[in-house]
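Listed here are the chains, written in short residue letters.
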Amino acid sequence: MSRFAPFFIIVAASLWGFDGVLLRPYLYSLPVPLVVFTESSIVLIILLPMFIKKRKELLQFNRSDWVYFFFVALLGGAIGTMAITKALFYVNYVNLSIVVLIQKLQPLFALILAFFLLKEKPKKSFFLWAGFAIVGAYIMTFGFTIPSFNLGDKTTLASIFSLIAAISFGSSTVLSKRALQNVSFEIGTYLRFLFASIILLLLIITSGSFESFLEITSKQWLIFMIIAFTTGGAAIFLYYYGLKKITASVATICELAFPLTAVILEYILRDNILSVVQWIGVIILFIAILKVTRYSKE
């Protein structure tokens, strides 16, 4: 199954793109920390039976393992998820391309950190295809034009939060790879949501957002449940399964399936058809991701 591990990352990232375009907009009226806490807590409850079954693995943990999982949850589960959600809220899901553009910087942060922390030294041809992936992702979004940021302060703030998300998710990918060295992907998934829920609960209490629970509508609760079973819990489960078997460098390029899915869905839902140039970008990105999957071995 190691040969197919990169495709588990691609499926997970595609689900995140689906989340950003189709599901998360329904939660726009709620405080961001509350949104992330609620979805994390639901997943935590769903995965509890699995955790009980695998809990003996925790006896193998050392102090550094706990530290790595804490920072995975802090960066990926809390800061990164809140930042990308806030970015999408700021642009009101209209100018999604700005958020997606900044998100394309994530592999750069992940590759640098993987080099220093995990001592990953991919072949030169890997960096060639990684570069093609990023270029293709840019062309897919903007063609051969330079994006305009003159759309008001909210777009600037959205860009800042997108950058925070890119740094957080890129770092989380590398730290997750290190954290999974001594534990199964099942326990890794649960600990990510456990620590994230604790961090977010403290944030909600200190920020006074707890009362907003009463504002959650029945439709929004349904959205939370859909997220928990698909783009939240299930996606992370698939992601950690794949990450356990491939390098962080390969994983972060496969994660570009997120902006690929998001941009295509955005155009489809808004009755806009990608231009010929943008389709060229899609093809370049798709081929580059497939080429990168050849470097899936540890």
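All residue numbers refer to position in the chain's written sequence, counted from 1. Where totals are concerned, whole chains, interfaces and linings use all residues; where local detail is concerned, this predicted model gives features only for residues with pLDDT of at least 70, and gives and counts side-chain atom pairs only at 80 or more. With hydrogens and water stripped out, all remaining heavy atoms of the structure feed into the side-chain values.

J.: Could you clarify how one ought to interpret the overall build of the chain in this entry?
T.: Assigned secondary structure in the chain consists of 13 helices and zero strands. Secondary structure of the chain in N-to-C order comes out as α-α-α-α-α-α-α-α-α-α-α-α-α. Using a 1.4 Å probe on the protein chains alone, a residue whose accessible area is under 20% of its type maximum counts as buried, one over 50% counts as exposed, and one in between counts as partly exposed. Looking at the 298 residues of the chain, the share that counts as buried comes to 55%. Contacts in the chain between residues at least 24 apart in sequence constitute 91% of all its contacts with a sequence separation of at least 6. Accessibility throughout is a Shrake-Rupley quantity obtained with a 1.4 Å probe, and a residue counts as covered only by protein chains that appear here. For the chain, the exposed area adds up to about 13800 Å²; of that, 71% sits on carbon and sulfur atoms. Segments assigned H or I by DSSP are reported as helices when at least four residues long, segments assigned E as strands when at least two residues long, and all are numbered from the N terminus. Contacts: residue pairs with any heavy atoms within 4.5 Å of one another.

J.: Which parts of the structure should I look at to understand the nonpolar core?
T.: A general feature of soluble globular proteins is that nonpolar side chains tend to end up buried together. As used here, the term nonpolar core means buried Ala, Val, Leu, Ile, Met, Phe, Trp, Tyr and Cys residues forming a set that is joined through side-chain atoms within 4.5 Å. Membership of the largest hydrophobic core comes to 78 residues, with the highest contact counts inside it found for Phe69, Tyr240 and Leu285. Among residues more than four places away in sequence, those in contact with Phe69 are Phe61, Ala179, Leu180, Val183, Gly188, Leu191 and Phe195. Formed by five residues, the second largest nonpolar core is a distinct cluster that contains Ala110, Ala114, Val174 and Ala248.

J.: How do you make sense of the environment of Ser184 when you look at a structure like this?
T.: Here Ser184 lies in the loop between helix H8 (153-179) and helix H9 (185-207). Along the backbone, Ser184 and Lys54 are 130 residues apart, and their C-alpha atoms lie at a distance of 8.6 Å. Not counting residues up to four positions away in its chain, the partners in contact with Ser184 are Lys54 and Glu57. Think of a polar contact as two N or O atoms within 3.5 Å of one another; within protein, one of them needs to be a possible hydrogen donor and the other a possible acceptor, and neighboring residues in sequence only count if both atoms come from side chains. At a separation of 3.2 Å, a polar atom in the side chain of Ser184 contacts the side chain of Glu186.

J.: Explain the packing of aromatic side chains to me, please; I cannot follow it from the model alone.
T.: The geometry of an aromatic ring pair comes down to the distance between the two centres and the angle between the two planes. By convention, a stacked pair of Phe, Tyr or Trp rings (six-membered ring in the case of Trp) has centres within 6.5 Å and planes under 30 degrees apart, an edge-to-face pair has planes over 60 apart, and any other such pair is tilted. On inspection of all chains with the given rule, the structure shows 17 aromatic pairs. A ring pair is formed by Trp66 and Phe195, whose centres lie 6.1 Å apart and whose planes are at 85°; its orientation type is edge-to-face. With Trp66 in helix H4 (residues 63-90) and Phe195 in helix H9, this residue pair connects regions lying 129 residues apart in the sequence. On the accessibility criterion, Phe195 (16% relative accessible area) is buried. Their ring planes at 80° and their centres at 4.9 Å tell us that Phe185 and Tyr241 sit as a pair that is edge-to-face. Taken together, the residues span a long stretch of sequence, with Phe185 in helix H9 and Tyr241 in helix H10 (residues 218-243) at a distance of 56 residues. Here Phe185 matches Tyr241 in class, with each residue buried.

J.: Explanation requested: the pattern of salt bridges in the structure shown.
T.: Side-chain pairs of opposite charge can arise whenever the charged atoms involved come near each other. Every case where a carboxyl oxygen of Asp or Glu lies within 4 Å of a side-chain nitrogen of Lys or Arg is listed as a salt bridge. Within this structure, the stated rule accounts for four salt bridges. A salt bridge links Arg24 to Glu39; the shortest N-O distance between them is 2.8 Å. Residue Arg24 is located in the loop between helix H1 (5-23) and helix H2 (32-46), and its partner Glu39 is located in helix H2; the two are separated by 15 residues in the primary sequence. As far as the burial class goes, Arg24 and Glu39 line up, both buried. Between Glu186 and Lys54 there is a salt bridge, with the nearest N and O atoms lying 3.9 Å from each other. Taken as a pair, Glu186 in helix H9 and Lys54 in helix H3 (residues 48-54) lie far apart in primary sequence, 132 residues in all. Classification of Lys54 as partly exposed rests on a relative accessible area of 28%. Here the salt bridges do not stand alone but share partners, grouping Asp19, Arg24 and Glu39 into one network.

J.: Quick question: what am I supposed to make of the environment of Leu88 here?
T.: Relative to the helices and strands, Leu88 resides in helix H4. Separated by 64 residues in the primary sequence, Leu88 and Arg24 place their C-alpha atoms 8.7 Å from one another.

J.: I would appreciate a short explanation of H9 in the present structure.
T.: Turn by turn, an α-helix covers 3.6 residues, leaving residues three or four places apart pointing in a common direction. Look at H9: 33 Å from first C-alpha to last across 23 residues, which is about the 33 Å you get at 1.5 Å a residue. Residue Gly208 follows H9 closely and has a positive phi angle near 75°. Here, expected helix span is obtained from the residue count minus one, scaled by 1.5 Å.

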